[in-house]
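An overview of the molecular structure
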Amino acid sequence: RPCQQSSRFEQLQEELVCIERSPEELRNSTDWSSWVDAIRAYGEATADFPLKSDAVKIADAMWDYGCGFQANLSAEGVFLGNCFGWNSSFEWEFKTVEAFCPTTCQCGAAVASSSCPLPFGIACDRLENRFCLTLNGRHHCPGFTPFRHVTLFSKMATHDANIVDPLLLQIQAAHEETVRLLTGA
């Protein structure tokens with residue numbers, strides 16, 4: 001799409017986060033509700049557009065189920081395409097869902113040419129490898145955002161190191177989970 005070639009699109013893509021919002025949060029989003037309203041208006045138009053009734057079902061499902069709307073449409077026999085492209089039977093140029101639904105759409109490096117979020121130019125599935133932390137709906141990545149390094153220590157006393165050594169990965173995971181719980185990440 002031509003809009004994807006603009007510098008504004010690239011800027012917005014880098015501002016998006018790789019976090020999926022709940023249906024309620026999406027309904028409170030001006031961008032989501034405007035998009036759903038546009039699809040609904042297509043379906044309710046007096047003109048003879050192809051698959052008008054499906055457009056209304058899509059809009060209703062998007063409003064009710066948020067990013068889970070595709071699964072609900074399948075049960076109604078509506079095939080809309082996938083996250084990255086609408087069914088070719090629809091003769092519309094509405095945006096696709098991956099920017100809003102990065103988890104459902106499995107956004108990552110394999111689909112980098114899509115409208116998936118690319119915070120700091122990093123694909124969603126690569127954030128962890130770059131030691132990024134997600135906190136309060138924002139990504140924080142070393143080299144891109146102010147970052148504080150913290151070192152956690154564990155002290156264990158044992159008479160048999162063979163018991164502790166196999167547990168080191170679990171201990172590290174417990175530290176990471178503690179940080180997640182404390183930061184709300």
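Here, every reference points to the structure presented above.
Now for a description of the structure that goes with this document. (Residues numbered from 1 in each chain as written. Predicted model: local features only at pLDDT ≥ 70, side-chain atom pairs only at ≥ 80, totals over all residues. Heavy atoms only, no water.)

Regarding the packing of aromatic side chains
- Evaluation of the coordinates by the stated rule reveals four aromatic pairs.
- Look at Trp-35 and Phe-100: their rings are 5.2 Å apart centre to centre, the planes differ by 15 degrees, and that puts the pair in the stacked class. Taken together, the positions of Trp-35 in helix 3 (residues 30-44) and Phe-100 in the loop between strand 2 (85-86) and strand 3 (133-135) put the pair 65 residues apart, joining distant regions of the chain.
- Judged by its relative accessible area of 4%, Trp-35 is buried.
- For Phe-100, a relative accessible area of 9% translates into the label buried.
- Following the ring pairs from residue to residue traces out a cluster consisting of Trp-32, Trp-35 and Phe-100. (Phe/Tyr/Trp six-rings, centres within 6.5 Å; stacked < 30°, edge-to-face > 60°. Helix = DSSP H or I, 4+ residues; strand = E, 2+ residues; numbered from the N terminus. Buried < 20%, exposed > 50% of the residue type's maximum accessible area, 1.4 Å probe, protein only.)

What to know about the environment of Asp-64
- Mapped onto the elements, Asp-64 comes out in helix 4 (residues 52-65).
- Of the residues examined, Asp-64 reaches a relative accessible area of 46% and is grouped as partly exposed.
- Put simply, Asp-64 and Pro-23 are 41 residues apart on the chain and 6.7 Å apart in space, counted from C-alpha to C-alpha.
- Asp-64 has contacts with Pro-23 and Arg-27, leaving out every residue within four places of it along the chain. (Contact = heavy atoms within 4.5 Å.)

Comments concerning the state of the cysteines
- Summed over all chains, the structure comprises five disulfides.
- What pairs with Cys-107 in a disulfide is Cys-116, and their sulfur atoms sit 2.0 Å apart. Measuring handedness by torsion sign, the sulfur bridge of Cys-107 and Cys-116 sits at about -75 degrees and is left-handed.
- Taken in N- to C-terminal order, the disulfide-linked cysteines of the protein chain are connected 1-8, 2-4, 3-5, 6-7, 9-10. (Disulfide = S-S within 2.5 Å.)

Some words on the pattern of salt bridges
- The full count for this structure, using the stated rule, is three salt bridges.
- Asp-37 is the partner of Arg-40 in a salt bridge, and the nearest nitrogen-oxygen pair spans 3.9 Å. You can see Arg-40 and its partner Asp-37 sitting in helix 3, three residues apart, about one turn around the helix.
- Between Arg-126 and Asp-125 there is a salt bridge, with its nearest N and O atoms 3.9 Å apart.
- By relative accessible area, Arg-126 is classed as partly exposed at 42%.
- Residues joined in a network through salt bridges with shared partners are Asp-37, Arg-40 and Asp-60. (Salt bridge = Lys/Arg side-chain N within 4 Å of Asp/Glu carboxyl O.)

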